[in-house]
Amino acid sequence: MAAAAASSASEPEAEAKIGPQIGPKAEGEEDEAKDTRRRRKVLSRAVAAATYKSVGSGWDPQAEGVSESDGDEEYAMASSAESSPGEYEWEYDEEEEKNQLEIERLEEQLSINIYDYNCHVDLIRLLRLEGELTKVRMARQKMSEIFPLTEELWLEWLHDEISMALDGMDREHVYELFEKAVKDYVCPNIWLEYGQYSVGGIGQKGGLEKVRSVFERALSSVGLHMTKGLAIWEAYREFESAIVEAARLEKVHSLFRRQLAVPLYDMEATFAEYQEWSEDPVPASVVESYNKALQQLERYRPYEEALLQAEAPRLAEYQAYIDFEMKVGDPARIQLVFERALVENCLVPDLWIRYSQYLDRQLKVKDLVLSVHSRAVRNCPWTVALWSRYLLAMERYEVDQQTVSVTFEKALSAGFIQATDYVEIWQTYLDYLRRRVDFQQDSSKELEELRSTFTRALDYLKQEVEERFNESGDPSCVIMQNWARIEARLCNNMQKARELWDSIMTKGNAKYANMWLEYYNLERAHGDTQHCRKALHRAVQCTSDYPEHVCEVLLTMERTEGTLEDWDVAVQKTETRLARVNEQRLKAAEKEAVLAQQEEEKAEQRKRVRAEKKALKKKKKMRAGDKPRADEDEEKEWGDDEEEQPSKRRRVENSLPLANESTGLDAAPAGRRAPVEVDPPSKQKEKAASLKRDLAKVLHDSSKESITVFVSNLPYSLKEPESNLRPLFETCGEVAEIRPIYSKRGDFRGYCYVEFKDEKAALQALELDRKDVEGRPMFVSPCVDKSKNPDFKVFRYSTALEKHKLFISGLPFSCTKEELEEICKVHGTVKDLRLVTNRAGKPKGLAYVEYENESQASQAVLKMDGMTIKENVIKVAISNPPQRKAPEKPEARKAPGGPMVPRQIYGARGKGRTQLSLLPRALQRPTSTAPQAENGPAPPAAVTSEASEAPKMSNADFAKLLLRK
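Okay, so let's go over this structure. Residue numbers here run from 1 along each chain, matching the order of that chain's written sequence. In view of the model being predicted, local features appear only for residues whose pLDDT reaches at least 70, and side-chain atom pairs are presented and counted only at 80 or more, with totals across whole chains, interfaces and linings using the full set of residues. Just so you know, side-chain values use all the structure's heavy atoms and leave hydrogens and water out.

Now for the overall build of the protein. Counting from the N terminus, the helices are the DSSP runs of H or I reaching at least four residues and the strands are the DSSP runs of E reaching at least two. Within the protein, the regular secondary structure consists of 37 helices and 11 strands. Only protein chains enter the calculation, and the probe is 1.4 Å; a residue is then buried if its accessible area is under 20% of its type maximum, exposed if over 50%, and partly exposed in between. Classification of the 965 residues of the protein by burial places 40% in the buried group. Areas reported as accessible are Shrake-Rupley estimates using a 1.4 Å probe. Residue values count occlusion only from the protein chains shown. With the model as given, the accessible surface of the protein reaches about 54300 Å², and the carbon-plus-sulfur share is 50%.

A separate point is the sheet that holds strand β1 (residues 708-712). Strands are treated as partners if at least two bridges between them are detected by DSSP. The antiparallel open sheet is built from 5 strands, whose spatial order is β2-β3-β1-β5-β4. The open sheet terminates on both sides in strands that have one partner only, identified here as β2 (735-742) and β4 (771-773). Averaged over neighbouring strand pairs, the angle between their axes works out to 30° when direction is ignored. Note that β1 and strand β3 (residues 748-756) share 4 bridges and pair antiparallel. In the sheet register, Val709 faces β3, and the bridge partner there is Val754. The contact criterion used is simple: two residues touch if any of their non-hydrogen atoms lie within 4.5 Å. Axis lines are fitted through C-alpha atoms, for helices just across the contact stretch, and the angle between N-to-C directions can take any value from 0 to 180 degrees. Sheet strands in contact with helix α33 (residues 721-729) are β1, β2, β3, β4 and β5 (776-782), and its direction is about 140° off that of β2.

A few words now on helix α21 (residues 401-412). The span one expects for a helix is its residue count, reduced by one, times 1.5 Å. Over its 12 residues, α21 extends 17 Å from the first C-alpha to the last, a length consistent with the 16 Å expected when each residue adds 1.5 Å. Along α21, the residues that are buried comprise Val404, Ser405, Thr407, Phe408, Ala411 and Leu412. Projected down its long axis, α21 shows its buried positions confined to an angular sector of 160°, all on one face. In α21, the exposed residues that point more than 90 degrees away from the buried face are Gln402 and Lys410. Its buried side turned inward, α21 meets α20 (384-396), α22 (419-436) and α23 (445-469). The reported arc concerns the directions from the helix axis to the C-beta atoms and nothing else.

Before going further, it helps to spend a moment on the side chain of Asp474. As for its placement among the helices and strands, Asp474 is situated in the loop between α23 and α24 (478-490). Here Asp474 sits buried without a salt bridge, and the closest side chain of opposite charge, Lys507, lies 9.3 Å off (N-O distance). The contact partners of Asp474, leaving out residues within four places of it in the chain, are Val423, Leu461 and Ile479. Neither His nor the chain termini are counted; the positive set is Lys and Arg, and the negative set is Asp and Glu. Whenever Lys or Arg places a side-chain nitrogen within 4 Å of a carboxyl oxygen from Asp or Glu, that contact is recorded as a salt bridge.

Here helix α8 (residues 151-164) crosses helix α9 (residues 168-184) at 175°, and the two axes come no closer than 10 Å. One way to sum up the angle between α8 and α9 is to call them roughly antiparallel. Contacts between α8 and α9 involve Trp154, Trp157, Leu158, Glu161, Ile162 and Met164 on the former and, on the latter, Asp170, His173, Val174, Leu177, Phe178, Lys180, Ala181 and Asp184. Here the residues of the contact of α8 with α9 are counted per class, giving 9 nonpolar, 1 polar and 4 charged. An angle below 35 degrees is read as roughly parallel, one above 145 as roughly antiparallel, one from 65 to 115 as roughly perpendicular, and any other as oblique. Following the grouping adopted for this structure description, the nonpolar residues are Ala, Val, Leu, Ile, Met, Phe, Trp, Tyr, Cys and Pro, the charged ones are Asp, Glu, Lys and Arg, and the polar ones are all others, Gly among them.

Turning next to the sheet that holds strand β6 (residues 802-809). Ordered in space as β7-β8-β6-β11, the 4 strands form an open sheet in which the pairing is antiparallel. Each having just a single partner strand, β7 (830-837) and β11 (875-879) make up the two edges of the open sheet. For this sheet the average axis-to-axis angle between neighbouring strands, irrespective of direction, equals 25°. Two elements, β6 and β11, share 5 bridges in a ladder whose sense is antiparallel. Within the sheet, the bridge partner assigned to Leu806 lies in β11 and is Ile878.

The terminal C-alpha atoms of α22 lie 27 Å apart, and with 18 residues this matches the ideal 26 Å at 1.5 Å per residue to within 8%. Within α22, the full set of buried residues consists of Ala419, Asp421, Tyr422, Val423, Ile425, Trp426, Gln427, Thr428, Tyr429, Leu430, Tyr432 and Leu433. Buried residues along α22 sit in contact with α20, α21, α23, α24 and β6.

Relative to the elements of secondary structure, Arg726 occurs in helix α33. Taking C-alpha positions, Arg726 is 8.8 Å from Glu737, a pair spaced 11 residues apart along the chain. Excluding residues within four positions of it along the chain, Arg726 makes contact with Val735, Glu737 and Ile738.

Here we come to the packing of α22 against α24. Orientation of α22 relative to α24, taken along the N-to-C sense of each, is 15°, at an axis distance of 10 Å. Considered as vectors, α22 and α24 are oriented roughly parallel to each other. α22 and α24 meet at a crossing whose hand is right-handed. Contacts between α22 and α24 involve Val423, Trp426, Gln427, Leu430 and Arg434 from the first element and Val478, Ile479, Asn482, Ile486 and Leu490 from the second. Two helices cross in a left-handed way if the nearer one is turned anticlockwise from the farther one by less than a right angle. They cross in a right-handed way if the turn is clockwise.

Of note, the bond from Ala312 into Pro313 is cis; its omega dihedral lies within 30 degrees of zero at 10°. Despite not being glycine, Arg314 shows a phi value in the positive range, around 55°. By the element assignment, Arg314 lies in the loop between α15 (284-309) and α16 (315-328). Not every positive phi belongs to a glycine, and Glu720 is a case in point at roughly 50°. With respect to the helices and strands, the residue Glu720 is situated in the loop between β1 and α33.

The next subject is the pattern of salt bridges. Following the criterion strictly, the structure yields 42 salt bridges and no others. When the shortest N-O distance is used, the salt bridge between Asp360 and Arg396 registers 3.9 Å. One end of the pair, Asp360, is in helix α18 (residues 349-363); the other, Arg396, is in helix α20, with 36 residues separating them in the sequence. We note a salt bridge from Arg585 to Glu548, for which the minimum N-O separation is 3.1 Å. With Arg585 in helix α29 (residues 564-624) and Glu548 in helix α28 (residues 547-561), this residue pair connects regions lying 37 residues apart in the sequence. Sharing partners across several salt bridges, the network here consists of Arg128, Arg140, Glu156 and Asp160.

Just distances and angles here, no functional claims.
Rendered as structure tokens:
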């Protein structure tokens, strides 16, 4: 009864590893619980039957309802339940050939990429289906050497080997497999199988001790498991109860007392069972321990219930459980909760790092620490931090140098995601070799090994890493710098250090002042003044980022230590260099100004061409339609022209009404134009000015920034923005005011300010960012005064390397989010998918796909890069967006041969489409543009143009100029 209760309480918690592409089994809780109860019954009866075979007639099997053959029959039934491939009737001629071709394909793929997890799983499945026992054993062996196996894979393997075991040698082989299985993950079901199988060998020499040893180790490993530990305790008691010797009764008493002191689910049933089984009253000390365990169970219950209710992988729930256990401080329970979390989150590097860090700093048990580090790098081989910690742990526990070297070689072949990871692992290994060297000796084997390893590291980064990533990962030559420091400080070999620094400078670092100053400081500490002076003279000639600083250091040294001749040479060189630098900067500014002017001229030319095409199109329309009446005056003709160009008369809310609507005249007969009454230009200006006065101006109140959001990218055609937007934002909280922004003519400009009553509502409103409003994504951002915070920029997405996220380009514009998600989820669990759109909400053919972990992302890159989607070949890579450059602060520079000339600033995207010239192009005259200063501010003074002196013209004159042939 206790077993069944514990089973029903524990089964919802899945303890299966989630492989790179393999998800947990989706079985119903009821079926799973029934299967577990049947299995536990089978195992208990098998334990009892096997024990009877070994013990003899001292125990009456009939009294317990178990026959002699129950053990083998029931265990065979349990094994075959998972080991049988199924009862499918194959057409051998076609299916077998198809399977063989698939096996050959998988083997070829694994020969190319041995770290393809799914290929291993598929190959094992097919080989097992075909009955290739030798090949399937080899395939499993190879996979277990690279990856830890899941509980399902281990149980399947173990059942197959058990079914083929014939003699004692085979039994020893199965024992070895069980030992490997229990080292990968803490799995109560595997321990239960191990204990039951060991009972079958009780008749062999040392069999009884073997069984007890297995069960004791199982209790140490999973006996504290609150939901699944109960099965181990019950199986152990069943075994001991089957031996009816008087000495064994005390063993059963001991197991009951030990179990009742551990907080487990369904403790009450176990206590009642102990009272019924024991002939004597339960001792007071046992009752006290039992009550104490019940109190502990109540403290742990919320965390266990959270795990039972959540869905795998339950990382957040496990993190909370770990935090609680860390506060309690019981090492055994902390270790167990870490192991339970890793069963479902074995591909989360941060969890392994936290676990290994706890063991390194708290427990400090060599075998345990090294075992966890080894398992960590097998689960997450792409994480360089785990390999570095593993090498440090091996050094800390004085593992022999040969083993450390082998581990380092495995790290190099693990396949890191970025080039800098290889630099980090090489640096860790070089630090290890450096600490082995006795620098008191002039020469030693360890020193020569260190130097040869430095040489190998540089060659590896230049050849292997640079070939793969198109960069060495060490642009600043950190490894070479460390080598130079070791030669100078520890080996007193400045000649070698200088050679290394020469190599560093030839790799593109000579233009950086900090590299020269680092070399100068090394010479100051371990060299001589002559080489210091030589280094600074070279720095003055080569530095391009901060030459003033290098010149200052040189002058300071000569002022302190140099002669008059040295001082004169230094002053001459610095002045010459700085003059050349200033000249180069002025030339660069002039060149940039010319380029900017050329771009403006090209933009004006493009506008001119567009205007000419538009005018030509209008002329053709006029010729095709009715001609204007000849007797109309100029104003009527201008009014008709405007009527033919409705796009130039933007009719929005608060704008001037059309003439025929305002006068109430009937429409003209078909085929003729009705004369339109248009106010003179002076009256139009007066109406626009009065409309502008009607729009109240609201000054910016910095005290309300925390309760106000800025809403932009709204449709210009949005009618009554305040009434349309208020229901949308009232879902976040009480809205105090919505302030739409209008142009001088009263047109809505596409953005507004929304003020709330409290700050909480404003923060919640930020979640409405990118919400669709009339076909356009609405942008919602904090309200910040840009004049006080010019560098403020809102950007929702990360600009750093994201190893679990993919960037996909080249997608067809018709590809939907659902279609892309169907393609991506084949390679792993997709947490988020975002199609990149423009300001109008139209797709740009780009997407970001976030996977659950780095391994799934890496597999997806290998499988999806170069894939064809709707005749488009897509490109897939790990997301590593460039850093968003902050806008340069405007600062005036003096142009060569002239006064300060400002540079016109149009913003981050160049001259906007709304920045139109109010002067017709026909009246524009080319003006001489002075060279623009680099990064200069907007011009404070107006520049006189010939167009400003042109005579005033009427609207009709403008119309004639625009429409002339």
